[in-house]
Amino acid sequence: MQVPKPLPLGSAITIAAVLLFLLAAFAWAAGWIGARRIDGAAVLSALEYNGGVHEGYRRAHAKGLCFRGSFTANGEGTALSRAFALRKGVYPVTGRFSLAGGNPLAADGRNVFRSMALVLRADSGEEWRMAMDHTPIFPVRDVASFVALQRASKPDPATGKPNPAVMKAFLAAHPEVKTFQDFMAKNVLPDSFASSTFYSINAFRFHDAQGNETMVRWQFEPEAILKGLDKAALPQMPRDFLFREIIDRVNDAPVTWQLKLVVANAGDVTDDATRAWKGPHHVVSAGTLQIDEIASEADGGCRDLNFDPAILPDGVGLSDDPLLAARSKAYSSSFIRRAGEKPGRGAFDAHLGARSVP
Amino acid sequence: MTHRGFHPSLRLLHWLMAFLLLSMLFIGVGMVSTAGPLYAILLAVHRPIGLALLLLALLRLAIRLRTGAPEQDQSLPRRVRCAAGLSHIFLYALMFALPLLGWAMLSAGGYPVVIAKGYLLPSILTHDLAAFAWLRSAHGLLALLFFALILGHIGAALVHALIRRDNVMRSMGFARSSPRAAPAPDDGELRAEAGEGTAEAPIPEDDAGSGADPAAR
């Protein structure tokens, strides 16, 4: 063996430098140092800032109920995508109706998103999850604008409306939100989930069996006749009128929608959900969604699912729309957070005779 | 089996997995850190690499149990040898624990365990949100512990290589240097049992022991 030598300073410095470099690189990758990033927690805290903290519930679209049914594909959709659910056949569906907002007991009489989330299942275990709203466009384009919108539109406890000065400044910087607000103000507010058209919001990449790519937005168009609500009378409506209506309607008879696949024209933007596709489009009618049964959040098999719109089957992929990753991330963070909390009692659990009301 | 260095296939696996594991830890904390478009991209590569690492870990453990490891340097204090032994057990345990926790976590969360488009693994746990929350925390915390252990491992390896200048680093390396002999030509001295693939590294000669490795002389 060699005679013990004094600690070689150069080597010691090299070792320290290597370790420090790795540590710093890791801290940077994790976002602990360097430019501030918007992560899932930032989106959640913006949502909680706006709508309050409701433990055990989804941080957005907290008020809802589950349903079960099926999707019957006619096979026409295979012209655009090889996805299992577009091949001729019948696929079981679990889903959820919800209203926008973080309050699980909020009144239905609000001019907000009516939403339908679905999971279509294949025998192979493949799934196609969708989270759709009754508007063809979304208020904001990306996650930074979404966070800013939540912060700007926090209702003032005194008036129940956002602070006008804050909102004015926000709208000046985000004209696309004004477009959305105008749409909500002018457009018919559906009187039922059953008469609402539900839109994919984002564009997606469809790949057919040969690998050809098409950009598609889809929508579920209702069989039920659309009737508008009197927006001025909304505050006087019973708290749960919209959900009670769909419970009664489905108890009476199944409710159906047609899936329409809308193919992008050459000039359509596919990476910006704030912009509608205008004019005539090639539309493929791909099949029928039928809802047979409404169930409580506790029993209906939807409460413990994350309807992440990025969970897609082979044949459907994400577009370049930055909102898709943001939605996926925010839903995932909300799911992780509420999973660690005791699940909240659904607004209709008692009404629907839930067996496992927490 | 020789105790002069690790089996060549273990050396290859070590460096391949070192690259993948470090990438994976960076991808993992990276995808947690952002709600931007990078999130979807990182998530899409996280799972196939995770599965690959689980399979590589199985292969590595099997080879490791069959071919053994070089003897520890008895001139090191007992405490240090003990820590080294334990740290390697932890490193192996985490190589298995992290991908399995990820898989179990997705199962408990009611997610399809999509490895790549159209390629799924079966669920290994029943759908249970409380279990999901617990597994998700464990997956994240153990990943941080793994990174800390890897830093310690790299630090210790560098101490062996740069300060103690012993054979520990060489036992996992591909160089055929020897403290006493001039480097030999690269071919012709491969041990019979090492003759697979391209990564066969001859076992370095050293001055530390009884060396029953005639082919290396």
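Residues numbered from 1 in each chain as written. Chains lettered and ligands numbered in written order. Predicted model: local features only at pLDDT ≥ 70, side-chain atom pairs only at ≥ 80, totals over all residues. Heavy atoms only, no water.

Enquirer: Hey, could you go over the overall build of chain B for me, with residue numbers and the actual values?
Expert: Per the secondary structure count, chain B includes four helices and two strands. Residue pairs at least 24 apart in sequence account for 70% of intrachain contacts in chain B once pairs closer than 6 positions are excluded. With the model as given, the accessible surface of chain B reaches about 11200 Å², and the carbon-plus-sulfur share is 68%. (Helix = DSSP H or I, 4+ residues; strand = E, 2+ residues; numbered from the N terminus. Contact = heavy atoms within 4.5 Å. Areas by Shrake-Rupley, 256 points an atom, 1.4 Å probe, with all protein chains shown as cover.)

Enquirer: Could you give an account of the overall build of chain A, with specific residues and numbers?
Expert: Check the secondary structure of chain A and you find seven helices and ten strands. Considered along the principal axes of its C-alpha atoms, chain A spans approximately 90 × 60 × 50 Å. Counting over 358 residues, chain A shows a buried share of 54%. Here the analysis covers contacts within chain A between residues at least 6 apart in sequence; of these, 76% occur between residues at least 24 apart. When the accessible area of chain A is evaluated, it comes to approximately 15700 Å², of which 57% is carbon and sulfur surface. (Buried < 20%, exposed > 50% of the residue type's maximum accessible area, 1.4 Å probe, protein only.)

Enquirer: Can you explain the pairing of strand 1 (residues 113-116) of chain B? Please cite residues and give values.
Expert: All names here are of chain B. Both strand 1 and strand 2 (residues 119-121) contribute to a ladder of three bridges, which runs antiparallel. When the sheet's bridge partners are listed, Val-114 is paired in strand 2 with Leu-120. Counted between consecutive antiparallel strands, the loop separating strand 1 from strand 2 contains two residues, among which Gly-118 sits at a positive phi close to 85 degrees. (Pairing = 2+ DSSP bridges.)

Enquirer: Can you explain the state of the cysteines? Please cite residues and give values.
Expert: Residues and elements named next belong to chain A. Counting across every chain of the model gives one disulfide over all chains. A sulfur-sulfur distance of 2.0 Å marks the disulfide that ties Cys-66 to Cys-302. With the S-S bond torsion at -75 degrees, the cross-link from Cys-66 to Cys-302 turns out left-handed. Of this pair, Cys-66 sits in strand 1 (residues 63-73) while Cys-302 is found in the loop between strand 9 (282-295) and strand 10 (316-318), placing the two residues 236 residues apart along the sequence. For the pair formed by Cys-66 and Cys-302, the shared burial category is buried. (Disulfide = S-S within 2.5 Å.)

Enquirer: Can you tell me about the pattern of salt bridges, naming the residues and giving the values?
Expert: Residue and element names in this part refer to chain A. In total, this model carries 21 salt bridges over all chains according to the counting rule given. In this structure, Glu-221 engages Lys-260 in a salt bridge whose closest nitrogen and oxygen atoms are separated by 3.1 Å. In this pair, Glu-221 is assigned in strand 7 (residues 213-222) and Lys-260 in strand 8 (residues 255-263), connecting sequence segments 39 residues apart. Looking at Glu-221, the relative accessible area reads 26%, which means it is partly exposed. Overlapping salt bridges, with partners in common, bring together Glu-48, Arg-59, Arg-337 and Glu-341 in one network. (Salt bridge = Lys/Arg side-chain N within 4 Å of Asp/Glu carboxyl O.)

Enquirer: So, the environment of A:Ala194: which residues are in play, and what are the values?
Expert: All names here are of chain A. Note that Ala-194 resides in the loop between helix 5 (175-186) and strand 5 (198-199). We classify Ala-194 as buried; its relative accessible area is 0%. Residues Ala-194 and Pro-157, spaced 37 residues apart in sequence, show a C-alpha to C-alpha distance of 33 Å. Not counting residues up to four positions away in its chain, the partners in contact with Ala-194 are Pro-222, Ala-224, Ile-246, Arg-249, Val-255 and Trp-257.

Enquirer: Tell me about the confidence of the model for chain B, residues and numbers included.
Expert: Predicted confidence across chain B gives a mean pLDDT of 83, with 79% of residues reaching 70 or more. Across the interfaces of the predicted complex, the ipTM metric reaches 0.92, alongside a pTM of 0.88. (pLDDT = per-residue confidence, 0-100.)

Enquirer: Before we move on, can you summarise the interface of chain B and chain A with the specific residues and values?
Expert: Contacts between chain B and chain A engage 37 residues on the former and 47 residues on the latter. Both sides of the chain B and chain A interface together cover about 3400 Å² of buried area, and 74% of this is carbon and sulfur. The three residues of chain B that bury the most area against chain A are B:Ala35, B:Lys117 and B:Leu129, which together make up 18% of that side's buried surface. Connecting chain B to chain A are zero salt bridges. There are nine residue pairs in polar contact (both at pLDDT 80 or more) connecting chain B and chain A. Only helix 1 (8-33), helix 2 (37-67) and helix 4 (129-164) of chain B provide two or more residues apiece to the side of chain B that touches chain A. At 15 residues, the largest contribution of residues to the side of chain B that touches chain A is made by helix 4 of chain B. (Buried area = accessible area lost by both parts, 1.4 Å probe. Polar contact = N/O pair within 3.5 Å; in protein donor to acceptor, adjacent residues only side chain to side chain.)

Enquirer: So, unusual backbone geometry: which residues are in play, and what are the values?
Expert: Phi is positive for A:Ile201, which is not a glycine, with a value near 70 degrees. Checked against the element boundaries, A:Ile201 lands in the loop between strand 5 and strand 6 (204-207). Phi is positive for B:Arg165, close to 50 degrees, though the residue is something other than glycine. Mapped onto the elements of the fold, B:Arg165 is located in the segment after helix 4.

Enquirer: Tell me what's going on with the packing of aromatic side chains, and back it up with residues and numbers.
Expert: Residues and elements named next belong to chain A. Under the counting rule described, the total for this entry stands at 23 aromatic pairs over all chains. Three or more aromatic residues joined by ring pairs form one cluster here, namely Phe-67, Phe-97, Phe-193, Phe-198, Phe-243, Trp-257 and Phe-348. The ring of Trp-28 is capped by Arg-37, whose NZ or CZ atom sits 5.4 Å from the centre of that ring. A cation over an aromatic ring shows up here: Lys-154 above the ring of Tyr-49, its NZ or CZ 4.7 Å from the ring centre. (Phe/Tyr/Trp six-rings, centres within 6.5 Å; stacked < 30°, edge-to-face > 60°. Lys NZ or Arg CZ within 6 Å of the ring centre and 35° of its normal.)

Enquirer: Could you give me a rundown of the packing of helix 1 (residues 9-29) of chain A against helix 4 of chain B, with the residues and numbers involved?
Expert: Contact geometry of helix 1 of chain A with helix 4 of chain B gives a least axis separation of 9 Å together with a crossing angle of 160 degrees. Put simply, helix 1 of chain A runs roughly antiparallel to helix 4 of chain B. Here helix 1 of chain A and helix 4 of chain B pass one another in a crossing that is right-handed. For the pair helix 1 of chain A and helix 4 of chain B, the contacting residues are A:Ser11, A:Ala12, A:Thr14, A:Ile15, A:Val18, A:Leu19, A:Leu22, A:Leu23 and A:Phe26 in the first and B:Leu144, B:Phe147, B:Leu151, B:Ile154, B:Gly155, B:Leu158, B:Val159, B:Leu162 and B:Ile163 in the second. In terms of residue class, the contact of helix 1 of chain A with helix 4 of chain B is built from 15 nonpolar, three polar and no charged. (Axes fitted to C-alpha atoms, helices over the stretch in contact; angles between N-to-C directions. Parallel < 35°, antiparallel > 145°, perpendicular 65-115°, else oblique. Left-handed = near helix turned anticlockwise from the far one by under 90°. Nonpolar A, V, L, I, M, F, W, Y, C, P; charged D, E, K, R; others polar.)

Enquirer: Pulling in residues and values, what's your account of the nonpolar core?
Expert: Membership of the largest hydrophobic core comes to 79 residues, with the highest contact counts inside it found for A:Phe97, A:Met116, A:Trp128 and A:Phe220. Per-element accounting of this core gives the leading share, six residues, to helix 6 (residues 241-252) of chain A. Discounting chain neighbours no more than four positions away, the residues touching A:Met116 are A:Phe67, A:Arg96, A:Phe97, A:Met130, A:Ala131, A:Met132, A:Phe198, A:Phe220, A:Trp257, A:Leu289 and A:Ile291. Ranked by size, the runner-up nonpolar core spans 56 residues in total, among them B:Phe6, B:Ala57, B:Leu91 and B:Phe132. (Core = buried A, V, L, I, M, F, W, Y, C linked by side-chain atoms within 4.5 Å.)

Enquirer: Outline the packing of helix 7 (residues 322-339) of chain A against helix 2 of chain B, supporting the account with residue identities and numerical values.
Expert: Two elements in contact, helix 7 of chain A and helix 2 of chain B, have axes whose closest approach is 7 Å; the angle formed by their N-to-C orientations is 70 degrees. Viewed along their axes, helix 7 of chain A and helix 2 of chain B adopt a mutual orientation that is roughly perpendicular. Handedness of the helix 7 of chain A/helix 2 of chain B crossing: left-handed. The segment helix 7 of chain A lies against helix 2 of chain B, with A:Pro322, A:Ala325, A:Ser328, A:Lys329 and A:Ser332 engaging B:Pro37, B:Tyr39 and B:Ala40. Here the contact of helix 7 of chain A with helix 2 of chain B is built from residues that sort into five nonpolar, two polar and one charged.

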